[in-house]
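Topology and contacts: notes
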Amino acid sequence: MTSKQEAASNDDDQTTTPPRVLSLLSAATEIVCRLGCSHLLVGRSHGCDDPPLITSLPIATAPRVDPNAPSAALDAQVRVQSASGGPIYQINNHLVTSANPTVIITQEQCRICAVTPDDLNQACQNLPPTAKLITIMPVSFDDVLGDVITISNALGVHERGERLVKHIKRQLADLNTTALSVLGNNPKPKVAHVEWLAPLMGSGYWIAECVAFAGGEMVHGYPGGHSQTLEKIDLLSNADYIILGPCGFSIERTNEELNAIKLLESEEWQSLPAVKNGRVAIADGNKYFNRSSVASMLGSAEIVAEFIYSELRGMYGHHGTRWVRLEELSAFCSRTGAEAARKEVVLAEGVVESPNNFVEQNGLKQESSPEHSETVKHVSNQIAALTRSDYASAFAMNSAANQKRLVSAEKFEAIVSGWPSFKVLTLSSTSCQYFEGKSDGSTTSSVKVDAVPDDSDEVLHFVFDIRQSEDGKRWETEGVRIDC
């Protein structure tokens, strides 16, 4: 079907077999739907959640890290997984094969954010050689628009892509004109977007351009640039306005995280000019800002304009829905019908939810509290005791037989501290990720711990062999070995 025929018929009939599309990136899924091609989708990633209709599609991926973990713990898990060289996501090869996609869309901009081409190698082995792999790598506004054209070409709807690009450009130009008319001769407000809470991170990429379209000037980020880690909270003192919109976090999830890490209670935070002037917003960082779709870019720019210009507040319909002022956060999250803070997601096989332990970043401590197995809880608590140099407690968590072998808590401390590999487990800066091991279903089990020291990319693999105590009331460590 030619472009002319498409424009004339304005329907989805094609002279060739319609493509079967597997989208493994939430932004790409949104673009497919904005092109009027949602009916072509045969599968999605676990992160594809907009528009709501597509959540009925089969899910082809599962994360190997727990997205419901606290910020610092999630950051640690990702660093461990990245350092080990393994994929962040597990692909359901059987589902991919049965879905029989002819077009697969993924990305190569960030291996943390979504599935990459390398992750797909094995899953694609059983697909026909004619299947197309579309890889996008957006870092700027023009890249996002280019992705629209790339995807529309792959789906055979080039004219729709051109039309959508023109529409988004027109909408953003109108927004910019409106914002600048409100600004007048005043200097542009300096805006900081916080992409992550522990550690604190600024942003860049296309988000800096969204701020510019809204009539602002981004600090701690620039167009096309990578996210910057902010070593100190007071680095945000040069921002007139601060937007907290962590990647993948809804407003409710951000509220939960802020309560856990006590960021808002710190003196450094309260001394920031933007905080003193009541110029802090909490935004939906899941569907806006961090998602490289045309809908996200337009919506993000509109959110910024509504926030930094009181004359435009509510004009685009986002205030109270996709962003709130900090003083409105509690009311928003406690309302009837508020979204759950935790995502419903099935983790990759062998991955357990984050254990209940403390992680410290930027001087702030936070505690993980999701459901977790008793075996992992035991191991994480023993490691937590080591990191606070409480060797007596850590020693007491060993089985009677293991205690006899180790002789005493003092000997145990000497062994752990004197062996460089095991000493890694005593450092509070070490990042750990926990995996359920084999179990006989009754009295013995094991837990695998991947540990990465803060000053190294090398992953150390430990296996904790554990067993239930004689009274069956607790787990005890029978031995720890290094898995080479």
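Residues numbered from 1 in each chain as written. Predicted model: local features only at pLDDT ≥ 70, side-chain atom pairs only at ≥ 80, totals over all residues. Heavy atoms only, no water.

Looking now at the overall build of the chain. Each helix and strand counted, the chain has 17 helices and 19 strands in total. Contacts in the chain between residues at least 24 apart in sequence constitute 63% of all its contacts with a sequence separation of at least 6. (Helix = DSSP H or I, 4+ residues; strand = E, 2+ residues; numbered from the N terminus. Contact = heavy atoms within 4.5 Å.)

Take the nonpolar core next. Counting 62 residues, the largest nonpolar core has Leu35, Ile105, Ile151, Leu155, Ile168, Leu172 and Phe289 as its most contacted members. The element best represented in this core is helix α11 (residues 294–308), accounting for nine residues. Judged by nonpolar contacts, the second largest core, of 25 residues, contains Ala394, Leu406, Phe412 and Phe422. (Core = buried A, V, L, I, M, F, W, Y, C linked by side-chain atoms within 4.5 Å. Buried < 20%, exposed > 50% of the residue type's maximum accessible area, 1.4 Å probe, protein only.)

On to the pattern of salt bridges. For the structure on display, the rule yields 14 salt bridges. Of the charged contacts, one joins Arg474 and Asp471 as a salt bridge, the two residues approaching to 3.5 Å between their closest N and O atoms. The exposure class of Arg474 is partly exposed, given its relative accessible area of 45%. Judged by relative accessible area, which is 46%, Asp471 ranks as partly exposed. Residues joined by salt bridges that share partners form a network here, namely Glu30, Asp49 and Arg291. (Salt bridge = Lys/Arg side-chain N within 4 Å of Asp/Glu carboxyl O.)

Once that is clear, we can look at the sheet that holds strand β17 (residues 444–452). With respect to topology, four strands assemble into an open sheet ordered β16-β17-β18-β19, the strand pairing being antiparallel. The open sheet has two edge strands with one neighbour each: β16 (431–436) and β19 (475–482). Ignoring which end each strand starts from, the neighbouring axes of this sheet average 25 degrees apart. (Pairing = 2+ DSSP bridges. Axes fitted to C-alpha atoms, helices over the stretch in contact; angles between N-to-C directions.)

A separate point is the packing of helix α6 (residues 158–183) against α11. At a closest axis distance of 11 Å, the pairing of α6 and α11 adopts a crossing angle of 5 degrees. On the basis of the axis angle, α6 is roughly parallel to α11. Note on element contacts: α11 touches α6 through Val294, Met297, Leu298, Ala301, Glu302 and Ala305, opposite Leu164, Ile168, Gln171, Leu172 and Leu175. (Parallel < 35°, antiparallel > 145°, perpendicular 65-115°, else oblique.)

What the five strands build is an open sheet, ordered β10-β7-β11-β12-β13; its pairing is mixed. Since the sheet does not close on itself, it has two edges, and those belong to β10 (217–218) and β13 (323–325), each with one partner. Looking at chain direction, strand β12 (residues 280–283) and β13 are connected through three bridges and run antiparallel. Opposite Ala281, over in β13, you have Arg325 as the bridge partner.

Relative to the helices and strands, Glu302 resides in helix α11. Along the chain, Glu302 and His318 lie 16 residues apart, while their C-alpha atoms are 7.7 Å from each other. Once residues within four sequence positions are removed from consideration, Glu302 is found in contact with Leu175, Tyr316 and His318. At 2.7 Å, the side chain of Glu302 forms a polar contact with the side chain of His318. (Polar contact = N/O pair within 3.5 Å; in protein donor to acceptor, adjacent residues only side chain to side chain.)

Another point: the packing of aromatic side chains. Under the criterion given, the structure shown has eight aromatic pairs. Here the aromatic rings of Phe395 and Phe412 are separated by 6.0 Å at their centres, their planes lie at 50 degrees, and the arrangement is tilted. Taken together, the residues Phe395 in helix α14 (residues 391–396) and Phe412 in helix α16 (residues 409–418) connect sequence positions 17 residues apart. For the residue pair Phe395 and Phe412, the accessibility class agrees, reading buried in each case. Members of the aromatic cluster, joined through ring pairs, are Tyr241, Phe307 and Trp323. The positively charged end of Arg253 is found above the aromatic ring belonging to Phe249, 3.9 Å away from the centroid. (Phe/Tyr/Trp six-rings, centres within 6.5 Å; stacked < 30°, edge-to-face > 60°. Lys NZ or Arg CZ within 6 Å of the ring centre and 35° of its normal.)

What follows covers the pairing of β12. Burial of the side chains of β12 extends over both faces: Val280 and Ile282 are buried on one face and Ala281 and Ala283 on the other. Here strand β11 (residues 241–244) runs beside β12; their pairing, made up of three bridges, is parallel. Residue Ile242 lies in a different strand from β12, and its bridge partner there is Val280.

Considering every residue of the chain, the mean pLDDT works out to 86; 86% of them sit at 70 or more. Counted against residues more than four places away or in other chains, residues 1–14, with its pLDDT under 50, gives 19 contacts. With pLDDT under 50 throughout, residues 355–371 is counted as low confidence; its partners more than four residues away or in other chains account for 51 contacts. (pLDDT = per-residue confidence, 0-100.)

This part takes up unusual backbone geometry. Between Asp50 and the following residue, Pro51, the backbone shows a cis peptide bond with an omega angle of 0 degrees. Note that Pro51 resides in the loop between β2 (41–44) and β3 (61–63). In this model, Ala198 is joined to Pro199 through a cis peptide bond whose omega is 5 degrees. On the secondary structure map, Pro199 appears in the loop between β8 (196–197) and β9 (200–201). Residue Asn100 is not a glycine yet carries a positive backbone phi of 50 degrees. Looking at where Asn100 falls in the secondary structure, it is placed in the loop between α4 (93–99) and β5 (103–107). Asn100 sits in the partly exposed class, given a relative accessible area of 35%. For Ser389, which is not glycine, the phi torsion reads 60 degrees and is therefore positive. Along the chain, the position of Ser389 falls in the loop between α13 (374–387) and α14.

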